[in-house]
Each structure stands twice: as C-alpha cells, then as structure tokens.
Amino acid sequence: AMNKTIAAVFALGAALLSCSPEKDRTTRISGTFSGDNVPDSVEIQYWIPTDTVLLVKTKKIPVVDRRFEGDIPSCVTQFAEVFVPGDIVKFIADGSTLTIDIETHQVSSSDTEGVQSRYNAWYQEWIDLEHETVSKNYALKDRAEAGEDIRDETQALEEEYHQKLVAIHRNAIRQNPDNIVGAFALSALESSEPKVALSLVGTLSEEMTKNATVQAILPTLEARAHTAIGDMFTDFEVVQDPADPHSAVKLSDYVGKGKTILLVFWASWCEENRKEMPGLKNIYEKYHGDDFDIVSIAVSDAPENSLAAAKEMGIMWNLIVNAPIIPLETYGVRRIPDMILFGPDGTILLRNFWGYDDLILDSIIGRYLRGERPAQPGVL
C-alpha cells in the first residue's frame, strides 16, 4: 500500500491568498549534474504572491560546469519545481539556501529548522516506517510458509503500523499549519484516517485552508469521512441502459442483505484491474455462497467496453455497468482500482486495500468471514 499512497499527487493550482510571511524573502537554489545528460539550462517554476492570488512564474538558469545557481521569491504554501530533460524535482522555496541533487532528487537546506528540512524529516520518517513494516511482514510470511500460525502477530503488526502512521501524519499537520507540508500530510492521512484528517483541517492556518492543494482534497476527504470503516453504507443508483428504465440498480440491491459484499471499482481500460482479476476469481470460487459475494462496478467506462472486458476476463459475479463518477464521489474514491468490504448488515468493514497478492487478499477476506478482529486499512 505504501507506493499507492505516497505516490498520490495533488493538483497545484492558484491559491486564494498570498504567500506571506515569505513574500519578501528570496530562496537561493543550486544544483549539480553527475550524469552524461547535462542541459545548457534548467527551468524553474515558482510562485509569487499578489494581493489576491498566487501566480506561477518560470525562470531559466544557465548550467555552467554541470552546476546551476540562482535566486527566486520564497513561498512555502506550494511546491516549486526544477525542470530538466525528462525529469522534474520538487522543492519548497522556504527562504533558505537549497542544494538539489538532480539524479537522486534529494534537496537539502541550510536551515535545519526550515520548511524544506521539516518536509524531508516527515517524508523520511514515513518511508522508514514503510520499509520497517514491509520487512517485518516478509519475515512473517516466511514463517507462515513454514507452517507457523502468525495471524495474531500479523494483526499486531497491522495495528502498530496504523498507529505509528497516523501519529507521523498528525504530528506533521500540527507542526506545519501554515505551509505545504501540513497540506500534504493531511492528504496522506486521508486514506488511513479520514475522520481524523477532517478534524485537523481546522488546525491549518486560514491561508492554508484556502490553498489549492487542500481545496482539491476536501471533497474526497469529506466523502471518506462519511463512509469510513464502521459507518453504514451510503446507497447510490445506476441506470445501466438509459433506454431501459428497468435496468436501474442500487447498491442496496446487494449490500445490507445478509452477505459480506466485496465492492470492486474497475474499468476496462485499467491495467491494474486486469492484474487483480485472477486473485478475485480465486476469492469468488473459494468463498462465494450464502455468506459472501462480489460486485464489480464499472466507472467512467462505456458499457459496451465494460461488458466486452468482463467477458474476456471471465467475470462471473455481479456486474454493474454504465456508472458515472457518482459512486466514486459518494465514497471518496480518487482512483481505481479500489475495493470496499461491507458486512452482512451493510457496515463498512474495510477500505483502501487493493493491490495485495492473492494470498494476502485471501487472508483478509477469510479473516472477516471467520468473524476475526478487523485489520487496519491500507496496511502492508
């Protein structure tokens, strides 16, 4: 789950207020090239404040002896970017002197307490937790393959990971209420603890609550907070064939009817959906019956393409086609693939757990059907 979450990138548009108190400061940036592909210049994209909005500007800096150096206005509410052939490096123009390694994307600051340094520390703590947890998980899987029962330890690892992850992002938000680090920590917390994330929006400065990055995630965050683990499902309706009024189906036709339901968001054009299909087939064949079923809902996809792909991939379970983005908006699903697991009464049991290998997915579904303690979302 770590690559899915960390890789999330949010649109950086015009913010509604200025970049004070950084607007009168400048940031010195320098960088070096160590490879063979050395351009004559680099282009810097940065932000400058006006009385009402932030404006994006660009500046070309020549590369001399594999090195570039220049000054730009400071702004801590958005990322600035260095554009080189085939690559982009993001940084925060926080008023310090920044050194950028183009090959590794590492950005170091002369100010160890500055915003760029705080961003580096937050991101590194997150990465370290992911690596530590994945390493422990592989060790547990090796023991499981040797015949050991590691279910309790796996559960404990998931809970420990979740608690640490929430603490990392919560601390970053509280320590950075007036800059882009707080905004990105908020977006990172969106998947694992949307209700906590929504409660922390008010701790941001007025400027950051109106920041484009925060504004971009708020609709998804609010939807996720109202459809979080433990909440009852929210219904929606899809007319699968506009020419046939009897083709309308509701989520409630399947969910809350006494079965555990795995809802799969997919589309014929999504390669990741195709990769997960063999695992879903195994789950269906193993657990389908009076207690469990799967519903796949094709979103943002022409129905004829969905039906053709379903036939090609051998989808044998419930299929809803011709769904607009309403199901995505209802549940705060930002991208596909994605899955939600509903309990027999319609309670949301688990979210944000696509992309697991077949064995882990089987273990997750089996755990819920056996009535064991729920795992934390988005783990491992």
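None of these values were measured; they are calculated from a predicted model.

**Let's talk about the overall build of the protein chain**
And step 1. Each helix and strand counted, the protein chain has 11 helices and 15 strands in total.
And step 2. Taken against the 2.2 N^0.38 rule, which gives 21 Å for 380 residues, the C-alpha radius of gyration of the protein chain at 23 Å falls within 12% of a compact globule.
And step 3. Each of the three principal axes of the protein chain carries a C-alpha extent, and together these read 70 × 55 × 45 Å.
And step 4. Partitioning the contacts of the protein chain with sequence separation of at least 6, the portion at a separation of at least 24 is 66%.
And step 5. Taken as a whole, the protein chain presents about 17,400 Å² of accessible surface, with 50% of it coming from carbon and sulfur.
And step 6. Looking at charge distribution, the protein chain has the averaged site of its 35 positive side-chain charges lying 2 Å from that of its 58 negative ones.

**Considering the confidence of the model for the protein chain**
Caution applies to low-pLDDT regions: their predicted coordinates should not be interpreted in detail.
And step 1. Within the protein chain, residue pLDDT values average 87, and 91% of them lie at 70 or more.
And step 2. Model confidence for the protein chain, summarised as mean pLDDT per element, is weakest for helix α1 (residues 2-6) at 41 and strongest for strand β8 (residues 106-109) at 96.

**So, the nonpolar core**
And step 1. If you look at the biggest cluster of nonpolar residues, it comprises 32 residues, and the most contacted ones within it are Ile92, Trp122, Ile173, Leu186 and Leu189.
And step 2. Where this core is concerned, the elements lending two or more residues are β5 (75-84), α2 (115-145), α3 (151-175), α4 (180-192), α5 (194-200) and α7 (212-226).
And step 3. Per-element tally for this core: the top contributor is α4, with eight residues.
And step 4. Grouped together as the second largest cluster of nonpolar side chains are 25 residues, Phe292, Ala310, Trp354 and Ile364 included.

**Overview of the sheet that holds strand β15 (residues 348-351)**
And step 1. Overall, mixed pairing links the five strands, which are arranged β13-β12-β11-β14-β15 in an open sheet. Edge positions in the sheet fall to β13 (318-323) and β15, since each of these pairs with one other strand and no more. Going across the sheet, the axis of each strand differs from the next one's by a mean of 20°, ignoring polarity.
And step 2. With five bridges connecting them, strand β11 (residues 260-266) and strand β14 (residues 338-342) associate as antiparallel partners. Its bridge partner being in β14, Leu263 is matched across the sheet by Ile340.
And step 3. Here helix α8 (residues 271-287) sits on the sheet in contact with β11, β12 (292-299) and β14, set at roughly 155° to β12.
And step 4. Contacts from helix α9 (residues 303-313) reach β11, β12 and β13 within the one sheet, and its direction differs from that of β13 by about 155°.

**Some thoughts on the packing of aromatic side chains**
And step 1. Counted according to the given criterion, the structure contains 12 aromatic pairs.
And step 2. With a centroid separation of 5.1 Å and an interplanar angle of 85°, the aromatic rings of Phe79 and Phe184 are classed as edge-to-face. A residue pair is termed long-range when its members are at least 10 positions apart, and Phe79 in strand β5 and Phe184 in helix α4 qualify at 105 residues. Neither residue differs from the other here; Phe79 and Phe184 are each classed as buried.
And step 3. By way of ring pairs, the aromatic residues Phe79, Tyr119, Trp122, Tyr123, Trp126 and Phe184 are connected into one cluster.

**With respect to the pattern of salt bridges**
And step 1. By the definition in use, this model includes 18 salt bridges.
And step 2. Note that Lys136 and Glu132 form a salt bridge whose closest N and O atoms lie 3.0 Å from each other. Pair noted here: Lys136 and Glu132 are both in helix α2, with a separation of four residues, about one helical turn.
And step 3. Classification of Glu132 by relative accessible area gives partly exposed; the value is 35%.
And step 4. In this structure, Glu158 and Arg367 form a salt bridge, with 3.1 Å as the shortest nitrogen-oxygen distance. Of this pair, Glu158 sits in helix α3 while Arg367 sits in helix α11 (residues 358-369); the two residues are 209 residues apart in sequence, bridging distant segments of the chain. Each member of the pair Glu158 and Arg367 is classed as buried.
And step 5. Through salt bridges with shared partners, a single ionic network connects Arg28, Arg67, Glu69 and Asp71.

About the thresholds
Residues numbered from 1 in each chain as written. Predicted model: local features only at pLDDT ≥ 70, side-chain atom pairs only at ≥ 80, totals over all residues. Heavy atoms only, no water. Helix = DSSP H or I, 4+ residues; strand = E, 2+ residues; numbered from the N terminus. Rg over C-alpha atoms; globule rule 2.2 N^0.38 Å. Contact = heavy atoms within 4.5 Å. Areas by Shrake-Rupley, 256 points an atom, 1.4 Å probe, with all protein chains shown as cover. Lys, Arg positive; Asp, Glu negative; His and termini not counted. Charge placed at Lys NZ, Arg CZ, Asp CG, Glu CD. pLDDT = per-residue confidence, 0-100. Core = buried A, V, L, I, M, F, W, Y, C linked by side-chain atoms within 4.5 Å. Buried < 20%, exposed > 50% of the residue type's maximum accessible area, 1.4 Å probe, protein only. Pairing = 2+ DSSP bridges. Axes fitted to C-alpha atoms, helices over the stretch in contact; angles between N-to-C directions. Phe/Tyr/Trp six-rings, centres within 6.5 Å; stacked < 30°, edge-to-face > 60°. Salt bridge = Lys/Arg side-chain N within 4 Å of Asp/Glu carboxyl O.

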